[in-house]
Amino acid sequence: MLKHILAIAASAGILSSAAIAQDAVVEMLNADPETRQSMVFKPALVSVAPGETVTWKPTAPGHNVAFVNEGIPEGVEAFQSQFNQEVEYTFEEPGVYLYKCTPHYGAGMIGVVVVGDAEADVSSLLDLRLPPLAKRRLQDLANAQ
């Protein structure tokens, strides 16, 4: 079922085929040349198995990665990277992880990592209080899942 969901997200342009492979690479962009959205993680939705790693690459300056505290599995510690630095995080705990770029959170710069379990659902995050543009992008990701 998860592979079917990922295929739908990939066809919608929200999830790249690279995100389906073991480990994943996410770009931090000021603008996506394909969608013309500004302040984006690309892909915004990735799926990995427990023990796999996501690497975020700052392809544009001024970005970082920080977990949204209410948007991560219980017991997982907060994580925040430095600005303008490539960073890796190995996901051990299954679940849905919401993250943001700290200075561009209000501009909607969020992303989601689904770890393991096919029951993990992005829509489980929709009740969180988020800035309006971040909420809209999260809704788009949930609809694509």
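J.: Mind laying out the overall build of the protein, listing which residues take part and the relevant values?
T.: Along the backbone of the protein there are two helices and eight strands. When its helices and strands are written in sequence order, the protein yields α-β-β-β-β-β-β-β-β-α. Going through the 145 residues of the protein one by one, you find that 50% of them count as buried. Long-range contacts, defined here as pairs at least 24 residues apart, represent 63% of the contacts in the protein between residues at least 6 apart. Carbon together with sulfur atoms contributes 49% to the accessible area of the protein, which is approximately 7300 Å² in total.

J.: Which residues make up the pairing of strand β8 (residues 110-115), and what are the values?
T.: Counting buried residues along β8, six of its six residues qualify, which places the element largely inside the surrounding structure. Here β8 shows no split at all, with Ile-110, Val-112 and Val-114 on one side and Gly-111, Val-113 and Val-115 on the other all buried. Here strand β3 (residues 45-48) pairs with β8 via four bridges, running parallel. Along β8, the bridge assignment pairs Val-48 with Val-115. Where strand β7 (residues 95-100) lies against β8, six bridges are found, and the strand directions are antiparallel.

J.: Quick rundown of helix α2 (residues 132-144)? Include the residues and the values.
T.: Between its terminal C-alpha atoms α2 stretches 19 Å, which fits the 18 Å expected from 13 residues at 1.5 Å a residue. Residues of α2 that are buried: Ala-134, Arg-137, Leu-138, Leu-141, Ala-142 and Ala-144. Along α2, the residues classed as buried sweep out an arc of 160 degrees about the axis, all on the same side. Turned more than 90 degrees from where α2 packs its buried face, Pro-132, Arg-136 and Asn-143 sit exposed.

J.: Can you lay out the sheet that holds strand β2 (residues 38-42) for me, pointing to particular residues and giving the numbers?
T.: The four strands are arranged β2-β1-β4-β6 in an open sheet whose pairing can be described as mixed. Two strands lie at the open edges of the sheet, namely β2 and β6 (87-91), each paired on one side alone. On average, each strand axis in the sheet is inclined to that of its neighbour by 20 degrees, with strand direction left out of account.

J.: Break down the environment of Gly-95 for me, with residues and values.
T.: Note on placement: Gly-95 falls in strand β7. For Gly-95, a relative accessible area of 15% gives the class buried. Residues in contact with Gly-95, not counting those within four places in the same chain, are Pro-73, Val-113, Val-114, Val-115 and Ala-120.

J.: Which residues make up the packing of aromatic side chains, and what values do they have?
T.: The full count for this structure, using the stated rule, is 11 aromatic pairs. Plain terms: the ring middles of Phe-67 and Tyr-97 are 5.6 Å apart, the flat faces sit at 55 degrees to each other, and that makes the pair tilted. One end of the pair, Phe-67, is in strand β5 (residues 66-67); the other, Tyr-97, is in strand β7, with 30 residues separating them in the sequence. The class for Phe-67 is buried, based on a relative accessible area of 4%. Using a relative accessible area of 1% as the deciding quantity, one classes Tyr-97 as buried. Through successive ring pairs, a cluster of aromatic residues spans Phe-41, Trp-56, Phe-67, Phe-79, Tyr-89, Phe-91, Tyr-97 and Tyr-99.

J.: Outline the sheet that holds β3, supporting the account with residue identities and numerical values.
T.: Across the sheet, which stays open at both edges, the four strands sit in the order β3-β8-β7-β5 with mixed pairing between neighbours. Two strands lie at the open edges of the sheet, namely β3 and β5, each paired on one side alone. Across the sheet, α2 is in contact with β3, β7 and β8; its angle to β8 comes to roughly 35 degrees.

Calculation criteria
- Residues numbered from 1 in each chain as written.
- Predicted model: local features only at pLDDT ≥ 70, side-chain atom pairs only at ≥ 80, totals over all residues.
- Heavy atoms only, no water.
- Helix = DSSP H or I, 4+ residues; strand = E, 2+ residues; numbered from the N terminus.
- Buried < 20%, exposed > 50% of the residue type's maximum accessible area, 1.4 Å probe, protein only.
- Contact = heavy atoms within 4.5 Å.
- Areas by Shrake-Rupley, 256 points an atom, 1.4 Å probe, with all protein chains shown as cover.
- Pairing = 2+ DSSP bridges.
- Expected span 1.5 Å × (residues − 1).
- Arc of directions from axis to C-beta.
- Axes fitted to C-alpha atoms, helices over the stretch in contact; angles between N-to-C directions.
- Phe/Tyr/Trp six-rings, centres within 6.5 Å; stacked < 30°, edge-to-face > 60°.

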